[in-house]
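Below are the chains, spelled out letter by letter.
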Amino acid sequence: MTHTFRRLDGLPPYVFAVIRELTLELRRAGEDVVDLGFGNPDLPSPDVAVAKLQEAAAKPHNHRYSTSRGIPKLRAACAGLYQRRFGVELDPETEVVATMGAKEGLVHLMWTLVEPGDAALVPAPSYPIHIHAPILAGASVFQVAMAPDQDLVANLADAYARASPRPRVLLLSFPHNPTTATVELDFMEHVVGFARERELLVVHDFAYADLAFDGHEPPSILQVPGARDVAVELYTLTKSFSMAGWRVGFLVGNEEVCGALARLKSWLDYGTFQPIQIAAITAINEAPDTPAEVCGVYRSRRDALCDGLERAGWSFPKPRGTMFAWAPVPEPFAAMGSLAFAEHLAREGKVAVSPGSGFGPGGEGFVRFALVENEHRIRQAVRGIRRVLEAGPPR
């Protein structure tokens, strides 16, 4: 008997798996491949959080079911962080819901917001789940082009005008993965006005809230007066506190939307393991300098990569945010396409990167570097890439 998996059949092939498998193949053969492909943070989590996790996990009463929307002190810690960091006051009872990382929160949020026959606006290229979370909920997706030389405000209006049915949701994320694009508060003000006029709900994935360089301070959309009438935001400890595997995130903002997600989650889960929630409270409240320290490490890695590649003849603008660099495939190799070029870099340069084609429309012709190796390894990667550039494209 052949089974069909209707929601999964619409998902495209995961091209990143090609590079991951190739990286494993090369390593099994004894090659030393510098993996700048998968954006998996390598920095340790705060010591105080690790110690608190050990302490809390030793207490049997923490082994029971927790609460799906997060224990009260965790939601209060998130609200306190928003007050200190962004000057935004949140009611932890009604405007904060803990999620199992931003990805889980986003997918289940889409279940509450759209269904078959609905539509969502999503920038392209984008982190794959941004494009496919609405699709998994049965909705249609209309893409907003965000190439570096294009006007995102104009493209947003154009995409809305072209979309049918009229979109119910606009999904944004700045600083942006993969393009590293950044925006200022005036852009968020425009988005809030745009959404209010069109009765759109804005979902802002703020995964890289604390990873910004060269004086840029990423704005929370909730800093815009009246934004919580039309917007929610996803904040996570994954990058800011280097707590990727802990899976701790939050949905904050509009009370009705937060309540809807909390209601859905009450049917689906019992929350993150309670000792993890307790340790997350400690991270937020007792390690407040961690995001700045993490940001400093990524800034140094960014400089090592971008300055090294520029000396090697591959020049592109330095990112002002995220833990990535987004680079056009060098002209002599452009005809190969991003996937073939990424495979070539892995085989000949011993460097793994993510092909831009995996990030949807607009991604072809680029590759993404993840700054998840130390500076010594990044310099090693630059030397490997230099060899590839000097050798030229394969014949």
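Being a predicted model, the structure only gives us computed values, none of them experimental.

What counts and what doesn't
Residues numbered from 1 in each chain as written. Predicted model: local features only at pLDDT ≥ 70, side-chain atom pairs only at ≥ 80, totals over all residues. Heavy atoms only, no water. Helix = DSSP H or I, 4+ residues; strand = E, 2+ residues; numbered from the N terminus. Phe/Tyr/Trp six-rings, centres within 6.5 Å; stacked < 30°, edge-to-face > 60°. Buried < 20%, exposed > 50% of the residue type's maximum accessible area, 1.4 Å probe, protein only. Expected span 1.5 Å × (residues − 1). Arc of directions from axis to C-beta. Pairing = 2+ DSSP bridges. Axes fitted to C-alpha atoms, helices over the stretch in contact; angles between N-to-C directions. Parallel < 35°, antiparallel > 145°, perpendicular 65-115°, else oblique. Left-handed = near helix turned anticlockwise from the far one by under 90°. Contact = heavy atoms within 4.5 Å. Nonpolar A, V, L, I, M, F, W, Y, C, P; charged D, E, K, R; others polar. Salt bridge = Lys/Arg side-chain N within 4 Å of Asp/Glu carboxyl O.

Visitor: Explain unusual backbone geometry here, please?
Guide: Backbone geometry follows two general trends: most residues other than glycine have a negative phi, and most peptide bonds adopt the trans configuration. Cis geometry marks the peptide bond from Ala124 to Pro125; its omega dihedral reads 5°. Position of Pro125 relative to the elements: it lies in the loop between β3 (119–124) and α6 (128–136). Cis peptide bonds are those with omega within 30 degrees of zero, and the linkage from Asn177 to Pro178 qualifies with 20°. Here Pro178 lies in the loop between β5 (169–172) and α8 (185–198). In this structure, Glu199 takes a positive phi of about 55° despite not being glycine. You will see that Lys350, though not glycine, has its phi angle at about 60°, which is positive. Within the secondary structure, Lys350 sits in the loop between α13 (338–349) and β10 (351–352).

Visitor: How do you make sense of the packing of aromatic side chains when you look at a structure like this?
Guide: How two aromatic rings sit relative to each other is given by the distance of their centres and the angle of their planes. In this structure the tally under the stated criterion is 13 aromatic pairs. Where Tyr82 meets Tyr235, the ring centres are 5.8 Å apart and the plane angle is 75°; that geometry is what we call edge-to-face. Highlighted residues: Tyr82 in helix α4 (residues 72–86) and Tyr235 in strand β7 (residues 231–236), separated in sequence by 153 residues. The exposure class assigned to Tyr235 is buried, which follows from its relative accessible area of 2%. One aromatic cluster is present, built from ring pairs that chain together Trp314, Phe316, Phe333, Phe341 and Phe369.

Visitor: Teacher, can you tell me more about helix α14 (residues 375–391) here?
Guide: An α-helical turn contains 3.6 residues, so any two residues separated by three or four positions project in the same direction. The terminal C-alpha atoms of α14, which comprises 17 residues, lie 24 Å apart, in line with the 24 Å expected from a rise of 1.5 Å per residue. Of all the positions in α14, only Arg377, Ile378, Ala381, Val382, Gly384, Ile385, Val388 and Leu389 are classed as buried. One side of α14 holds all its buried residues, which, seen down the axis, span an arc of 165°. Of the exposed residues in α14, the ones pointing more than 90 degrees away from its buried face are His376, Glu390 and Ala391.

Visitor: What is the right way to read the sheet that holds strand β12 (residues 366–370) from this model?
Guide: An order of β9-β12-β11 is seen for the three strands of this open sheet, with the pairing classed as antiparallel. Strand pairing shows two members of the sheet lacking a second neighbour, β9 (324–328) and β11 (354–355), which therefore form its edges.

Visitor: I keep staring at the packing of helix α2 (residues 16–28) against α13 and nothing clicks. Help me out?
Guide: The relative placement of two packed helices comes down to the angle between their axes together with the axis-to-axis distance. Viewed as axis vectors pointing N to C, α2 and α13 meet at an angle of 15°, and their least axial separation amounts to 10 Å. The angle between α2 and α13 places the two elements in the roughly parallel class. Between α2 and α13 the crossing geometry is right-handed. Contacts between α2 and α13 pair Val18, Ile19, Leu22, Glu25 and Leu26 from the former with Leu339, Ala342, Glu343, Ala346 and Arg347 from the latter. Here the residues of the contact of α2 with α13 sort into seven nonpolar, no polar and three charged.

Visitor: Looking at this structure, I do not really get the side chain of Ser68. What am I missing?
Guide: With respect to the helices and strands, the residue Ser68 is situated in the loop between α3 (47–57) and α4. Take Ser68: its relative accessible area is 12%, and that puts it in the buried class. If sequence neighbours within four positions are ignored, Ser68 has contacts with Ala98, Ala262, Lys265, Ser266, Asp269, Tyr270 and Gly271.

Visitor: It is not clear to me how the pattern of salt bridges should be interpreted in this structure. Could you clarify?
Guide: When charged atoms on two side chains of opposite charge get close, those side chains can pair. On inspection of all chains with the given rule, the structure shows 22 salt bridges. Notably, a salt bridge pairs Lys265 with Asp269, separated by 2.8 Å at the nearest N-O pair. For the pair Lys265 and Asp269, a shared accessibility class is recorded, and that class is buried. The partner of Glu373 in a salt bridge is Arg377, and the shortest N-O contact between them spans 3.5 Å. Taken as a pair, Glu373 and Arg377 share a single burial class, namely buried. In the salt-bridge network here, residues are joined through shared partners; they are Asp214, Arg302, Asp303, Asp307 and Lys318.

Visitor: Mind showing me how you'd approach the pairing of β7 here?
Guide: In summary, the side chains of a regular strand alternate between the two faces of the sheet. Counting buried residues in β7 gives six out of six residues, a clear majority hidden from the surface. Pairing analysis gives four bridges linking strand β6 (residues 201–205) to β7, with the strands arranged parallel. Each residue of the ladder has a partner; that of His204, found in β7, is Glu233. Where β7 lies against strand β8 (residues 249–253), five bridges are found, and the strand directions are antiparallel. When the sheet's bridge partners are listed, Leu234 is paired in β8 with Leu251.

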